[in-house]
Amino acid sequence: MSFDETIDRRGTHCVKWDMMEPMFGVPAKDGIAMWVADMEFRPPAVVQRAVEAMAAHGLYGYFGDDRAYLQAICWWMAARHGWKVDPKAIFTTHGLVNGTGLCVDTFTAPGDAVVLTTPVYHAFARLIRAAGREVRECPLALVDGQQVMDFDVWDRLMTGTERMMILCSPHNPGGRVWTAAELRGVADFCIRHDLILVSDEIHHDLVYPGHRHIAMPLAAPDIADRLVMMTATTKTFNIAGSHIGNVIIADEALRARFATRMNAHGISPNSFGMHMATAAYSPEGAEWVDGLMRYLDGNRRLFDDGMNAIPGVRSMALQGTYLAWVDFADTGMTPAEFTHRVEHDARIAVNHGVVFGTGGETALRFNIAMPRAQVAEAVARLQGAFADLQ
Ligand SMILES: Cc1ncc(COP(=O)(O)O)c(C=O)c1O
């Protein structure tokens, strides 16, 4: 298990590196890709062996018999999250963007509004708007440099057309690992406004020491009749190209509605994803994740120390995820100016904060899941690009 190895991914049809120049103008030759949530690490050997076994067999037909797969999911959720999942409650989608789109389609109608806590993962708003629904932004407040929920403000933003809320837990961007009290607050908010709650917990395994992710059904068992859970192996094990994810619905009535939409869209399992996920959710996979988090913990310290040393720049202390959220407001620069310095002067591709919604305007998102030496190089370049502020 070496997270220090630098792997050249250029020319492999990898979106993170091969689209860096066309999308951000950051040169492929010596740019550093720190955007999209995709790590620079190979998945654990147990996953690689599963793919090699498929390739050695050499037949790539439709997947069938998901018992081992479902059992692996139930084992993982119980062993890692203390959450008992009924295999009957599990749907397999082509990832969680797909899962989110299906939820919007199933549980809301055109013209309805969907609540998002912004700034938040940008695909949510894109999907909601593309489906002819409205986004109701509930901005996160900042207290001591951390994002917090403000239910009093959010209550006043509701208009009565809201039907669903999508929670990102842990939060992307910013890395908050929501506390039991905050999750209880979300549940009560959904009860007050009669919302279906979709809890996207794709980052649930990526939590740093000192913090504990709580699965929504544990925080609020009483809202099972309005709760849709979403989890995946893809962020945890860096296998996003396998396009697989789980929508887990305990409530039978909600489940029947979702099953109808799955059928209407003809969604059936991706065989590669099924084999990889089954392999990943294992004791060997678990050991790899523990090593990964120790490594990322070192990366986040290096990155934060380097960024916070630049006057006016503030990197939010991550509690989970590898997606650092850096605010440039106090540099006094416009977004165009600080972004130009990052992309043009430092030659680093990042996600622009504005796409995450209200509250993201003065920020950039940096993916720090890369070999430590690359993080150090990025920090050195960024300090150079803002050297005049020292
Ligand atoms: C909160 C969240 N949900 C979903 C996704 C993407 O999920 P998928 O690749 O399964 O569509 C991401 C990717 O970064 C994410 O951060």
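Refer to the structure above for everything that follows.
Residues numbered from 1 in each chain as written. Predicted model: local features only at pLDDT ≥ 70, side-chain atom pairs only at ≥ 80, totals over all residues. Heavy atoms only, no water.

Caption draft 1: Structural detail: the pairing of strand E3 (residues 113-118). The buried fraction of E3 is high, at 6 of 6 residues. Covered by surrounding structure in E3 are Ala113, Val115 and Thr117 together with Val114, Leu116 and Thr118, the residues of both alternating faces. Handedness of the crossover joining E3 and strand E4 (residues 134-139) through helix H6 (residues 122-130) is recorded here as right-handed. (Buried < 20%, exposed > 50% of the residue type's maximum accessible area, 1.4 Å probe, protein only. Helix = DSSP H or I, 4+ residues; strand = E, 2+ residues; numbered from the N terminus. Right-handed = clockwise from strand over helix to strand, strands pointing away.)

Caption draft 2: Geometry of the sheet that holds E3. Spatial ordering of the open sheet is given by E2-E10-E9-E8-E7-E3-E4, a layout of 7 strands whose pairing is mixed. The open sheet has two edge strands with one neighbour each: strand E2 (90-93) and E4. The sheet shows a mean angle of 25° between the axes of neighbouring strands, direction not considered. Here strand E9 (residues 227-231) runs beside strand E10 (residues 245-248); their pairing, made up of 3 bridges, is antiparallel. Bridging from a neighbouring strand, threonine 231 pairs with asparagine 246 of E10. Sheet strands touched by helix H5 (residues 96-107): E2, strand E7 (162-168), strand E8 (196-200), E9 and E10. Its angle to E9, the strand with the most contacts, is close to 165°. (Pairing = 2+ DSSP bridges. Axes fitted to C-alpha atoms, helices over the stretch in contact; angles between N-to-C directions. Contact = heavy atoms within 4.5 Å.)

Caption draft 3: Inspection of a nonpolar patch on the surface at higher detail. A cluster of nonpolar side chains, contributed by Val15, Met19 and Met23, occupies part of the molecular surface with about 250 Å² of accessible area. Along the chain, methionine 19 falls in the loop between helix H1 (15-18) and helix H2 (20-24). Residue methionine 19 is classed as partly exposed on the basis of its relative accessible area of 35%. (Patch = residues over 30% accessible without salt bridge, like charges linked within 9 Å, V, L, I, M, F, W, Y side chains within 5 Å. Areas by Shrake-Rupley, 256 points an atom, 1.4 Å probe, with all protein chains shown as cover. Salt bridge = Lys/Arg side-chain N within 4 Å of Asp/Glu carboxyl O.)

Caption draft 4: Fine view of the environment of glycine 111. If you trace the backbone, glycine 111 turns up in the loop between H5 and E3. Looking at glycine 111, the relative accessible area reads 46%, which means it is partly exposed. Along the sequence, glycine 111 and isoleucine 7 sit 104 residues apart, while their C-alpha atoms lie 46 Å from each other. When neighbours within four sequence positions are excluded, glycine 111 is seen to be in contact with Gly132, Arg133 and Glu134.

Caption draft 5: Layout of the sheet that holds strand E12 (residues 323-327). The sheet built from 4 strands is open, its strands ordered E11-E12-E15-E14 with antiparallel pairing. Looking along the sheet, the strands with just one partner apiece sit at the ends: strand E11 (314-315) and strand E14 (351-352). Alignment of E12 against strand E15 (residues 363-367), held across 5 bridges, turns out to be antiparallel. Bridge pairing links aspartate 327 to alanine 363 in E15. Set on the sheet, helix H14 (residues 335-345) makes contact with E14 and E15; between it and E15 the angle comes to about 25°.

Caption draft 6: Just the pairing of E7, in detail. Across the 7 residues of E7, 6 count as buried, placing the element largely inside the fold. Relative to E7, E3 runs parallel, the two being bridged by 4 bridges. Bridge pairing links alanine 113 to glutamate 162 in E7. By the bridge criterion, 5 bridges tie E7 to E8 in an arrangement that is parallel. Counted as the bridge partner of isoleucine 166 is valine 198 from E8. Each parallel crossover has a hand, and for E7 linked through helix H8 (residues 180-192) to E8 it is right-handed.

Caption draft 7: Region of the structure containing the site of the ligand. Around the ligand, the neighbouring residues are Ala37, Gly95, Leu96, Val97, Tyr121, Cys168, Asn172, Asp200, Ile202, His203 and Lys235. One of the side-chain nitrogen or oxygen atoms of aspartate 200 is found 2.6 Å away from a nitrogen atom of the ligand. Surface burial for the ligand is 93%, taken as the share of its 400 Å² of free accessible area covered by protein chains. Taken together, the residues of the shell around the ligand sort by class into 6 nonpolar, 3 polar and 2 charged. (Near = heavy atom within 4 Å. Polar contact = N/O pair within 3.5 Å; in protein donor to acceptor, adjacent residues only side chain to side chain. Nonpolar A, V, L, I, M, F, W, Y, C, P; charged D, E, K, R; others polar.)

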